[in-house]
Amino acid sequence: MIVDPKLSWFRMLFTFRGTSVTHTAFRIGFMTLSAFIVTYLEIHFDVDDKYTLTSTPFTLIGLALGIFLGFRNNAAYERYWEGRTLLGRLVNSSRSWARQIPMYFTATSPDEQAEMDEIKRQLVVYVMAYVHTVKNALRDDDPFPELETFLAPDEIEPLRGQRNVPAAMLHQLGIKLTSVWKRGWLTDYHYQTLDATVTSFTDIQGGCERVKNTPIPYAYSVLIHRTVAFYCFFLPFGIVKDVQWLTPLVVLLISHAFFGLDEIGDEIEEPFGKDEQDLPVAAIAKTIEINLRQQLGEQNVEELPKPIDNVLM
Amino acid sequence: MIVDPKLSWFRMLFTFRGTSVTHTAFRIGFMTLSAFIVTYLEIHFDVDDKYTLTSTPFTLIGLALGIFLGFRNNAAYERYWEGRTLLGRLVNSSRSWARQIPMYFTATSPDEQAEMDEIKRQLVVYVMAYVHTVKNALRDDDPFPELETFLAPDEIEPLRGQRNVPAAMLHQLGIKLTSVWKRGWLTDYHYQTLDATVTSFTDIQGGCERVKNTPIPYAYSVLIHRTVAFYCFFLPFGIVKDVQWLTPLVVLLISHAFFGLDEIGDEIEEPFGKDEQDLPVAAIAKTIEINLRQQLGEQNVEELPKPIDNVLM
Amino acid sequence: MIVDPKLSWFRMLFTFRGTSVTHTAFRIGFMTLSAFIVTYLEIHFDVDDKYTLTSTPFTLIGLALGIFLGFRNNAAYERYWEGRTLLGRLVNSSRSWARQIPMYFTATSPDEQAEMDEIKRQLVVYVMAYVHTVKNALRDDDPFPELETFLAPDEIEPLRGQRNVPAAMLHQLGIKLTSVWKRGWLTDYHYQTLDATVTSFTDIQGGCERVKNTPIPYAYSVLIHRTVAFYCFFLPFGIVKDVQWLTPLVVLLISHAFFGLDEIGDEIEEPFGKDEQDLPVAAIAKTIEINLRQQLGEQNVEELPKPIDNVLM
Amino acid sequence: MIVDPKLSWFRMLFTFRGTSVTHTAFRIGFMTLSAFIVTYLEIHFDVDDKYTLTSTPFTLIGLALGIFLGFRNNAAYERYWEGRTLLGRLVNSSRSWARQIPMYFTATSPDEQAEMDEIKRQLVVYVMAYVHTVKNALRDDDPFPELETFLAPDEIEPLRGQRNVPAAMLHQLGIKLTSVWKRGWLTDYHYQTLDATVTSFTDIQGGCERVKNTPIPYAYSVLIHRTVAFYCFFLPFGIVKDVQWLTPLVVLLISHAFFGLDEIGDEIEEPFGKDEQDLPVAAIAKTIEINLRQQLGEQNVEELPKPIDNVLM
Amino acid sequence: MIVDPKLSWFRMLFTFRGTSVTHTAFRIGFMTLSAFIVTYLEIHFDVDDKYTLTSTPFTLIGLALGIFLGFRNNAAYERYWEGRTLLGRLVNSSRSWARQIPMYFTATSPDEQAEMDEIKRQLVVYVMAYVHTVKNALRDDDPFPELETFLAPDEIEPLRGQRNVPAAMLHQLGIKLTSVWKRGWLTDYHYQTLDATVTSFTDIQGGCERVKNTPIPYAYSVLIHRTVAFYCFFLPFGIVKDVQWLTPLVVLLISHAFFGLDEIGDEIEEPFGKDEQDLPVAAIAKTIEINLRQQLGEQNVEELPKPIDNVLM
C-alpha cells in the first residue's frame, strides 16, 4: 500500500511514484506515437474522408466503455475494501483472543499455575503463528520457515502435507483448547466463547480465500482490456480533423486516464498480492504480532512497521 | 469459472478463450454483415436523406441502454458474488463442523470410545455428502449416485421421494445429533452449538435456492435484449454518412462490446450453472471434501481440483 | 414472477409475454401516433423554425432523466431483492423450526408421549398457518378462510378482531411454547432457541411490512412519470428535422424503452403484489407448507408449485 | 409520508399534491421568467454572438451536475431507508418485548400473582412510553406531556433534567428489570434475553440519533444548490439561438426536473422531520402502541392511523 | 462537521462558510486567469486553428473524469458514513455498559457494598477515559494529559510505552472485570455479557483504525487530481471559439464544481481528521462522557457540546 506522501497540489501533478505509470508507460507511449504518425499522415497527405472517422463512434462506444470501467472499478474497490475489512477482523479477533485467554483461565490447584501460564502463552503465540501463516497463504509463500520461529517442531509436524495449512492450524488450536477444558481450567461458558473466536478465525480465513480465489469474471477483464485498447488506438482517426496537431496530446491524456483506470483496477482487484497498491498484509500481520506480544507483557517489543520509500508491504 | 491465464497485454487483445465470443459470434457477424450491405447501398446508390438517420437517436437511446446495461451488470455481478459468498460460508461451516465434532464429544464410559469415534466420523462424512448434494441440487443433477458413495443404504432410504433432498438431509442430521445428545456424549451447550451449525447450513442452502430460483425480473432481460439488438441493427443507418466505409468496423466494435456485456450478464446472473463463467461449484464441493478428510486424519487425500484448459468447474 | 421461457435469441426480440407491454402499449401508441402527426405537418407544411426544437434540450434533460430512472430502477430492484431475501429467511426459519421441534422435546414420562407428539405436530402446523397468513397480509387478502383449514376453531378465536393477525399468531405461539416449557418437556436452553426462532419470525414479518408499507417517496414517482411523458411527447419536435419520416420509428423505440423502464420499476417496487413481475409469494408459502409436511413425515405430499403459462404466483 | 393516491397515468401528469412543487415553484417561475426576458431580448435586439453561449458548456458542466445529483440522491435515499429500517426494528423489538414478558415471568408464590401481573403490564406500557419519547426526540418535541399519559409521576421524576430522555428511560428500564430478577421471577437466561432486547433499543435509538445528527456533509449541499441554480440561470443564453421562442418552455421543464430532484433530496435526507415526504414517525409510534395494547389483551383498541389528505405523519 | 446554518435559498448561493472554497480558491483563480489570457490572445491575435482544440476531447475525457469523480465521491462518503456508524456504535456500547454495570453486580455480603459501588463507578469512568483515548488516537493527539483527569496514576502506569494505548486499556478493562468476577459479584452469564461489550469496543476501535489507516488507493488520488487539473487547464482552448468572452466565466463555474468535488472527497475520505467537514469526534466523545455521568447519577453535568461558528469539532 502506498502511503500518501502529502505532496503539494502542484507537485502531485507531476509525480510518478505510486501511480502505476511504470506499468502503463509502454501502452501510453505506443498510442501517443501512433497518434503522432496518424496526424502526420493526415496533415501532409490529406487522406480521403472515406477512410477517416468522426468523433461520433467514440461517443457511442464511450457508453459501453463507461459501463465497463465504472463497473470494474467499483467491483475491484469493493474487493479491496472487503479484503481490508477481513484483515481488520483478524486484528480484532486476535486482540480479543489475547485478552480472553488470561481472563478465563483458572487453575484448579496452585501447583498448576506455572504450567497453565506457559500454556496460556503458547495459545497466544500459536495465534501469532497462525496470522503469519494466513499472510503466507494469501501471498503464495511457503509458511514453514516462519512457522519454525514460533512453534516447536512437534507442533509443526502435524501441519506438513496439509492441503490448507492455516485451516489445519485452527483444527490443532481446537484440540489444544479442548485439552485445556478437559483439565478443568475453563468453564463450559468460556470454552464456548474461545471456540467462537476460533470459528471467527475460520470465517475470516474463508473470506480471504474467497476474495483471493474468485476474481471478477475473466470475460470482463478481456472485454475491458480490449475495448480500452481499440478505443485509444482508433481515437486519432476520429479527432485528427478537429484538433490537428494537438491529436497526440489529446491521445496522451485520454490513454493516460483510461489505461490508468484499467491498471489500478487490475491491481486492487487482487488485494492480497505484492503490487504496490495492494493491501499491507505483512505490516498488518506484524502489527498483530506486536499487539499480542504487548498483551503478553513482553518488554522491548519491536516498533510498528513503517513505510519504506512510501510503500507499506 | 475461467482462471486467468495471465496473458501478456498484447495477446489478451486477440484471445477467444473464455470471452463468451462463441455465444455472440453469430449476432456480431450478422450485424457487421448487415452494416456492410447498408454501407454498400448508401455509397453506390446514395439513398435519399429522408430515409436515413443521424447519430442523434443513438445518443438519446444510449441513455436508456446505459441504464439498462449498467443496472443489469451490477445486479448480475451482485448475484454472482452473493452466490460465491454463500459457497464460502458453506466451506467455513463445514470446517467448523469437522473441528467441533472431535472437540465436543466426550464418552461417558471407556467401552463406548470405539463406537463414539465411528459416529463422529459418520457425522463428518454426512456433511461431505450433504455438500455434494447441495452441488447437485444447484446444478439440477440427480444426487443419488454420488450419495451412494458416501452413505449406507439405510441412510439413503429416508431421502428418496423427498421434494428437497438436501433439506431432508439436514433434518436427518438433526435426528442423528439428538440421539448422540441423548446418550450423554454432548453437553447441552455443545449440542446447541452444533445445532446452530446445522441452522447455518439451512440458511446457506436457503440462500443458494433463493439466488437460483429468483432471477432478475424477466422483463428486464427482454427489454435489454431487444434494445441492444435494435440499437446495433439500426446503427449503420445512423453513422454511414459520417464514417462511410468504416461503418462495418464501427458496428463490429460496438456490437462486440454490447453483445459481450449482455452475454456476460446472462451467464453470471445464474451463477450456479455450468457455463464457463459460472462459479466452480464442483471444485468447491471437492475442496470441502478434501479439507474434511484431512481433518478426519485420513492419509493419501486427493489433490485439490485444478483447472482443466483454464476452466474450473 | 415470470419464469424465463428460454426463447431463442431471435424469438425473444418479438415476444410480448411477460414484458409489461400490455400496460404501456397505449402510451407508446399515443406517442408514436403523435410523432407521426408532427412529422406529417413538418414535412408537408414546413413549420417555421421558430417553433421547433433541436436535439440539444433532449440531451440536457436526458441528464435528469438518467439520474431519475437509474436511481428508481436500483431502488426498486433493491426492494424486490430485499423482499425476496425476507421470504427466503421465512423458508429457512420455518425449516429450522420443523427440525428443532422433534429434536428438543423430551417427554418427562412415557404416558405423555402420544400427547407430546400431537403437540409437536400442532406447533409445526401452526407455523404453516402462520406462513399462509403472512402471505395473505402481504397481498391484502382475508386470512381466515385459509386459517380454518389449518387450525381448530378455538385457536382461531383469539385472532379475530386483531389489527395485525400474523403478529397475534406469534404471540399465541409464544404462549403455546411457554405452556410446553412449563410441563418440563423443554430445557431452558431449547426453550430459548425456539423462542429465538419466533423472534426471527417477528423480524421477518416486520421487514416485509416495512417494504410493503413504505414505498419509494411519492414525489419521485410523480417526477419520473412526468419527465418521461414530456420527454417522449416533445421528442418528435426535436428530431423531425434530422430524421424526417423515420421520426415515428425513433419515437416508438425510445418510448418503448423509457415507458418499459418506468413500468418495470413501478411493478417491482411493490414486490409482494399480484403483478406478473412480482414475487411468487403464494408459491413460496406453498413450498414451505410442503417442506414442513415432509419434515412431519406425511406421505402423499403435493407436488411443488409449477408456473402456469410461465407465471409463478 | 405521502400515500400513493393511485391516480391514472394521465392525471398523474398534472397533479400538484405531494410533489414538493410548492417549495420550488418560486425558483422555477423565476428561471422561466428570466428565460422569457432573455429570449425576448435576443429575438428583438439580436445580441452580438460574442456575449452568448452555446450548449457546449452545459454538456460539460452537466457531467459535474450529474455526479452531484446522482450521488446526493442515492445518499439521501439510503438515509431515508436506513431511518425506516431502524423504525422497523423498533416495531419488531417492541413486539418481541411484549411477547416475552408474559412468557418468561414465573411467580415464586401464588400470592404474588396479582402484583406480578401488574408489573408485567407496567413493563409493556413503559416501552409504549419509550417509543413515543423516541418519536418526540427525533422531531424535537417536548416528550413530557405525552409521558404523563403513560407513566406515574414518580416514574417521570428521574427523567427530568436528563440531557437524553429516551436513553435515561432505558437506564430506568434496566433497573426495573433487575428488581424483578432479584425477586426471582425471571431465570438468569430470560433476564439476559430481556436485557438483550433493551440493548437492541439502545442500538436502534443510537442509530436514529446518528441519522438525525449527521447530515450529508454541508459542502455538498452548497455546491449542488449552487451548481443547479447557475445551470438553470445561464441555460437560456445557451439554447436561445437554437430553440428560439421555445426557450422558456425548455427552461421550465429542465428547472422543474432539477429543482425537484434537489428538493426531494433535501427533504428525505432528514427522514425524521415533518415534511410531507418524511417518514410517518408518529403513525409508526401509534401502531406500536396499538400492537402492544392488543398483546396486553386490551379491548376497544383504537384503529390503526390512516392518512389524512393522503399524508401519513 | 459543519452544522447547516439554514440559510435561505438565495443567500446559500453566495455563502463561503463551510464550502471548502478557501482550499480551492487559488486553483480556481489560476484557471480562471489562465482562461482570461487564452481568450484575450485568441480574440486579439486570432490563433491558427491548427493549434486550438474543439469541445470533442472534453466530452471524451469527461467520460473518464465522470468515472473517477463519481467513484471517489461514493467511496469517500461511504468511508465517512462508516466512520460515523462506528462512532455511533461506540455511543451505544458505552451506554449499554453503563446500564449493565449497575444491573449485574450483586454484593456477596453487605460489608462490600461501598467498595463494590466504588468499583462500579470506576468501571464506568474507565470507559469514559477509553472513549477520549480513542478520540486522541484517531486524531493523532497525545492521550496522556486527558487520561490523567480520569484515572489514578497507578492505572495510567501500565499504559505508558504501549504501541496502542486504547487497545491496552481494553486489556486492562478485561483484567479488572475478571477480578470482579473472581470475587463473586458477577454470575458467569453477566461476566460473559460484559466481556462481549469489551469485545464490541475492540471491534469498533479496530474498525476506526482500519478507516484511518487504509485510505482510498493513492493512485486514484493522483489520477483524479491530475485529470481534473489538466481538464480545467486545457478547457479554454476547447471552448474559446464557441463562447468567446464568456470563456473565463465558464471556466470559473466548471473549475469551481470540479475542484470542489475533488476537495470535499479529499476531506471526508479521512473522516476522523480536523478539517471542518470531518466528523465531530470530540463532540461525540464529550456526549458519551455526559451520558455516562448522568447514568452514574452525577448532578450538575455539563451541557451537550454546541457548534461554534457553525462548526462542531
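Residues numbered from 1 in each chain as written. Chains lettered and ligands numbered in written order. Predicted model: local features only at pLDDT ≥ 70, side-chain atom pairs only at ≥ 80, totals over all residues. Heavy atoms only, no water.

Some remarks on the overall build of chain A
Item 1. Each helix and strand in chain A was counted, giving 11 helices and 0 strands.
Item 2. Helices and strands appear in chain A in the N-to-C order α-α-α-α-α-α-α-α-α-α-α.
Item 3. Scaling as 2.2 N^0.38, a compact globule of 313 residues should have a C-alpha radius of gyration of about 20 Å, whereas chain A reaches 27 Å, well beyond that.
Item 4. For chain A, the spread of C-alpha atoms along the three principal axes comes to 95 × 40 × 30 Å.
Item 5. Within chain A, the proportion of its 313 residues that are buried is 62%.
Item 6. Counting only contacts in chain A whose residues sit at least 6 apart along the sequence, the fraction spanning at least 24 positions is 75%.
Item 7. Accessible surface computed for chain A: about 11,400 Å², of which carbon and sulfur atoms make up 58%. (Helix = DSSP H or I, 4+ residues; strand = E, 2+ residues; numbered from the N terminus. Rg over C-alpha atoms; globule rule 2.2 N^0.38 Å. Buried < 20%, exposed > 50% of the residue type's maximum accessible area, 1.4 Å probe, protein only. Contact = heavy atoms within 4.5 Å. Areas by Shrake-Rupley, 256 points an atom, 1.4 Å probe, with all protein chains shown as cover.)

Regarding the interface of chain A and chain E
Accessible area lost on assembly of the parts is the figure often given for the size of an interface.
Item 1. Facing 75 residues of chain A, the contacting portion of chain E comprises 64 residues.
Item 2. Summed over both sides, the interface between chain A and chain E buries roughly 6,200 Å², with carbon and sulfur atoms accounting for 64% of that surface.
Item 3. Run the count over chain A and chain E and you get 3 salt bridges.
Item 4. Note that E:Glu209 and A:Arg95 form a salt bridge whose closest N and O atoms lie 3.0 Å from each other. (Buried area = accessible area lost by both parts, 1.4 Å probe. Salt bridge = Lys/Arg side-chain N within 4 Å of Asp/Glu carboxyl O.)

Some words on helix α4 (residues 113–138) of chain A
Item 1. Along its 26 residues, α4(A) runs 38 Å from first to last C-alpha, staying within 8% of the 38 Å computed at 1.5 Å per residue.
Item 2. Positioned one or two residues after α4(A), A:Asp140 has a phi angle of 60 degrees, which is positive. (Expected span 1.5 Å × (residues − 1).)

What to know about the UniProt feature "transmembrane region" (unreviewed entry) in chain A
Residue and element names in this part refer to chain A.
Item 1. Cross-referencing UniProt, the feature "transmembrane region" (unreviewed entry) maps to residues 21–41, 53–71 and 218–239 in the present numbering.
Item 2. Along residues 21–41, the helical share is 100% and the strand share 0%, with 29 Å between the first and last C-alpha atoms.
Item 3. Split by type, residues 53–71 is 84% helix and 0% strand. Its first and last C-alpha atoms lie 28 Å apart. (UniProt positions renumbered as here; feature names shortened; annotations may be inferred.)

Examining unusual backbone geometry
Most peptide bonds adopt trans geometry, and most residues besides glycine take a negative phi value.
Item 1. The residue C:Asn310 is not glycine, and still its phi comes out positive at about 70 degrees.
Item 2. As for its placement among the helices and strands, C:Asn310 is situated in the segment after α11 (281–295).
Item 3. In this structure, D:Asn300 takes a positive phi of about 55 degrees despite not being glycine.
Item 4. Secondary-structure assignment places D:Asn300 in the segment after α11 (281–295).
Item 5. Exposure remark for D:Asn300: the relative accessible area of 79% places this residue in the exposed category.

Details of the interface of chain D and chain E
Item 1. Chain D puts 63 residues into the contact, and the matching count from chain E is 75 residues.
Item 2. Roughly 6,100 Å² is buried in total at the junction of chain D and chain E, and carbon and sulfur atoms are behind 64% of that figure.
Item 3. In terms of surface lost to chain E, no three residues of chain D exceed D:Leu60, D:Arg163 and D:Tyr218, which account for 14% of the buried area on that side.
Item 4. Summed over the shared surface of chain D and chain E, the result is 3 salt bridges.
Item 5. E:Arg99 is the partner of D:Asp195 in a salt bridge, and the nearest nitrogen-oxygen pair spans 2.8 Å.

Thoughts on the relation of the copies chain D and chain E
Item 1. By a simple turn and slide, chain D fits onto chain E: the slide is 0.0 Å along the axis, the RMSD is 0.0 Å, and the turn is 72 degrees. The superposition operator between the copies reduces to a five-fold rotation axis.
Item 2. In this assembly, only 2% of the residues forming the interface of chain D have copies in chain E that are likewise at the interface, indicating a heterologous arrangement. (Least-squares fit on C-alpha atoms with pLDDT ≥ 70 in both.)

Quick notes on the side chain of C:Arg84
Item 1. Summarising the element assignment, C:Arg84 is placed in helix α3 (residues 56–104).
Item 2. The side chain of C:Arg84 sits in the buried core without any salt bridge; B:Glu209 is the nearest counter-charge, 7.0 Å away.
Item 3. Residues in contact with C:Arg84, not counting those within four places in the same chain, are B:Arg210, B:Thr214, C:Leu279 and C:Ile284. (Lys, Arg positive; Asp, Glu negative; His and termini not counted.)

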